[in-house]
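Listed below are the residues making up each chain.
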Amino acid sequence: MTQAADENFWERVRAALALSQALLLEEVYLRNATRWHRLTEDTLHAVRVALGPRALLTVWPDLTPDVDAVLAALPQNESVEFVWEAPDATIHHVTVDESDHQRLATLVEGARAACVLPLPLDEHPPLFQAALPDSDGVLRARW
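Residues numbered from 1 in each chain as written. Predicted model: local features only at pLDDT ≥ 70, side-chain atom pairs only at ≥ 80, totals over all residues. Heavy atoms only, no water.

(A) Seen up close, the sheet that holds strand S4 (residues 80-85). Taken together, 3 strands build an open sheet; the order of strands is S5-S4-S6 and the sheet is antiparallel. Of all strands in the sheet, those bounded by a partner on one side alone are strand S5 (91-96) and strand S6 (113-118). Adjacent strand axes in the sheet meet at a mean angle of 20 degrees, parallel and antiparallel pairs treated alike. Of the strand pairs in this sheet, S4 and S6 are connected by 6 bridges, and their pairing is antiparallel. Among the inter-strand pairings, Val80 is bridged to a residue of S6, identified as Pro118. (Pairing = 2+ DSSP bridges. Helix = DSSP H or I, 4+ residues; strand = E, 2+ residues; numbered from the N terminus. Axes fitted to C-alpha atoms, helices over the stretch in contact; angles between N-to-C directions.)

Given below as structure tokens:
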């Protein structure tokens, strides 16, 4: 059963932000359609009001500023989600395996920060995950 992204969820996000200063939010607004947001206390409200209806929200630890170290630690024989912040502060992502490592290094050149997320969530669970309820407060999304 999916948990609702209600006020309790957002309070947990605020509390985590107070400790870490930034978080990564994955917004799945349609199956296989994802937007990424870097959350701070200053951006939380603007991101929250722009989220798609019934979106599945997954909160991850923040990106790492040492992009070269993230690239060097890419796992072999495993597909992963590579997420990075471009020089213009937009967040991008791509699924890669060991055959893509060289091409990925070129793609993310100049990135400000990055992280690697495993594809199965059970290997590295997110901090929080919930779905946005409808405007009447009822959770109708089923993820």
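Additional details are given in the paragraphs that follow.
(B) Layout of the confidence of the model for the chain. Per-residue confidence for the chain averages 91 on the pLDDT scale, and 99% of its residues sit at or above 70. For the chain, helix H4 (residues 101-107) is the element with the lowest average pLDDT, namely 89, and strand S3 (residues 56-61) is the one with the highest, namely 96. (pLDDT = per-residue confidence, 0-100.)

(C) Here's a closer look at the packing of aromatic side chains. Scanning the model with the defined rule gives 3 aromatic pairs in all. When the centroid spacing of 5.0 Å and the interplanar angle of 80 degrees are considered together, the rings of Phe9 and Trp10 count as edge-to-face. Relative to Trp84, the ring of Phe82 has its centre 6.0 Å away and its plane inclined at 45 degrees; by these criteria the two rings are tilted. A residue is classified by how much of its surface remains accessible, and Phe82, at 0% relative accessible area, is buried. When its relative accessible area of 7% is taken as the criterion, Trp84 is described as buried. Cluster of aromatic residues (ring-pair linked, three or more members): Phe9, Trp10 and Phe128. (Phe/Tyr/Trp six-rings, centres within 6.5 Å; stacked < 30°, edge-to-face > 60°. Buried < 20%, exposed > 50% of the residue type's maximum accessible area, 1.4 Å probe, protein only.)

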